[in-house]
Amino acid sequence: MTNLQIFLDIATEAALAAGAVLQGYLGKLEDAVTEKGRPGDLVTAADKASEAVVLEIIRRHFPQHSILAEESGKLGNQDNEYLWAIDPLDGTTNYAHQYPAFCVSIGLLINGVPQVGVIYDPFHDELFRGAAGLGATRNRRPIKVSDTSELSKSLLVTGFAYDRRETPDNNYAEFCHLTHLTQGVRRSGSAALDLAHVACGRVDGYWERGISPWDIVAGVILLQEAGGKVTAYDGTPLKIATGRILATNGSIHDNLSRALMQVPPLSAWE
């Protein structure tokens with residue numbers, strides 16, 4: 001068994017265990033929901049309990065690896081070649097409202113490159129897995145991106161960052177512009193699920209700004225293994241730390257990139 005397969009199996013164990021925690025808390029949070037400083041940026045008891053389960057499993061199997069987790073931050077030696085990027089509950093606002101779009105996302109970077117990813121949607125019991133050279137699956141069955149080749153016939157998905165109230169660079173103009181150019185743009189509220197849904201062909205492309213590494217590391221490798229393409233907005237190689245991502249089935253990638261780069265300012269939408 002290769003190291004990547006071992007990493008994938010342990011990530012799967014952790015994601016399934018965390019998903020069980022989320023299911024147990026769903027609809028039972030009562031007053032255990034707080035804001036982390038910005039309006040709408042929520043954290044719940046479920047986030048913390050889910051993350052504790054993931055951390056315990058990862059540390060037990062790989063005590064020397066470094067970790068970047070949404071709630072706990074940086075743990076261990078951050079110069080280690082192995083870095084786990086963990087979001088124990090992606091879609092916390094959805095979860096707090098019992099809206100069925102949330103997941104656990106666990107990705108592994110090796111020397112800064114996404115190599116392993118597991119995304120688990122416990123509400124729908126959908127397990128997405130991928131690793132470099134090992135392909136991508138949904139509930140253990142191979143998946144691939146859609147074959148939509150025209151932007152006008154595509155369905156896209158995006159999101160809006162927590163700082164959208166404070167910055168004009170808030171993705172509103174992009175949303176309007178691309179809604180006009182496509183069959184529609186959806187907003188799920190979970191970046192990891194958005195990437196998983198591009199990977200399995202449910203939507204054709206995804207873009208977003210203001211995201212964190214734990215939101216996308218797992219989804220990036222999953223999508224690449226499903227035949228998709230991931231870059232910066234302008235088509236150059238993705239730099240995860242910038243918080244901007246363009247991910248598609250590959251066929252519409254160049255056209256979507258050009259459309260994003262040509263978005264008129266929000267003031268033009270009057």
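Rules used in this analysis
Residues numbered from 1 in each chain as written. Predicted model: local features only at pLDDT ≥ 70, side-chain atom pairs only at ≥ 80, totals over all residues. Heavy atoms only, no water. Core = buried A, V, L, I, M, F, W, Y, C linked by side-chain atoms within 4.5 Å. Buried < 20%, exposed > 50% of the residue type's maximum accessible area, 1.4 Å probe, protein only. Helix = DSSP H or I, 4+ residues; strand = E, 2+ residues; numbered from the N terminus. Contact = heavy atoms within 4.5 Å. Pairing = 2+ DSSP bridges. Salt bridge = Lys/Arg side-chain N within 4 Å of Asp/Glu carboxyl O. Axes fitted to C-alpha atoms, helices over the stretch in contact; angles between N-to-C directions.

Another point: the nonpolar core. Formed by 35 residues in total, the largest nonpolar core has its most connected members in Ile119, Tyr206, Leu223 and Ile245. Listing elements by their share of this core, those giving two or more residues are strand E5 (82-90), strand E6 (103-110), helix H5 (191-199), helix H6 (213-225) and strand E15 (245-248). Among residues more than four places away in sequence, those in contact with Ile119 are Cys103, Val104, Ser105, Glu126, Leu127, Phe128, Ala192, Leu193, Ala196, Ala218, Gly219 and Leu222. Grouped together as the second largest cluster of nonpolar side chains are 34 residues, Ala11, Leu22, Leu75 and Leu127 included.

Most of strand E8 (residues 126-131) is tucked away, with 6 of its 6 residues classed as buried. Of the two faces of E8, the one lined by Glu126, Phe128 and Gly130 and the one lined by Leu127, Arg129 and Ala131 are each fully buried. Here strand E7 (residues 113-121) runs beside E8; their pairing, made up of 6 bridges, is antiparallel. What sits directly across from Tyr120, in E8, is Leu127.

What follows covers the pattern of salt bridges. Pairing is possible between side chains that carry opposite charge, provided their charged atoms lie close to one another. Counted by the stated rule, this structure contains 7 salt bridges. Of the charged contacts in the structure, one is a salt bridge between Glu13 and Arg60, with a shortest N-O distance of 3.9 Å. Of this pair, Glu13 sits in helix H1 (residues 3-25) while Arg60 is found in helix H2 (residues 45-61), placing the two residues 47 residues apart along the sequence. The exposure class assigned to Arg60 is partly exposed, which follows from its relative accessible area of 47%. Note that Arg60 and Glu56 form a salt bridge whose closest N and O atoms lie 2.8 Å from each other. Taken together, the residues Arg60 and Glu56, both in helix H2 and 4 residues apart, mark about one turn of the helix. You can call Glu56 partly exposed: its relative accessible area is 40%.

We now examine the side chain of Thr137. Along the chain, Thr137 falls in strand E9 (residues 135-138). For Thr137, the contacting residues outside a window of four places in its chain are Leu127, Phe128, Arg129, Pro142, Ile143 and Leu222.

Turning next to the sheet that holds strand E12 (residues 184-187). If you walk across this open sheet you meet the 5 strands as E12-E11-E13-E15-E14, and the pairing is mixed. Only two strands of the sheet have a single neighbouring strand rather than two, namely E12 and strand E14 (229-231). Each strand axis lies, on average, 20° off the axis of its neighbour in the sheet, ignoring direction. Relative to strand E13 (residues 205-208), strand E11 (residues 155-158) runs parallel, the two sharing 3 bridges.

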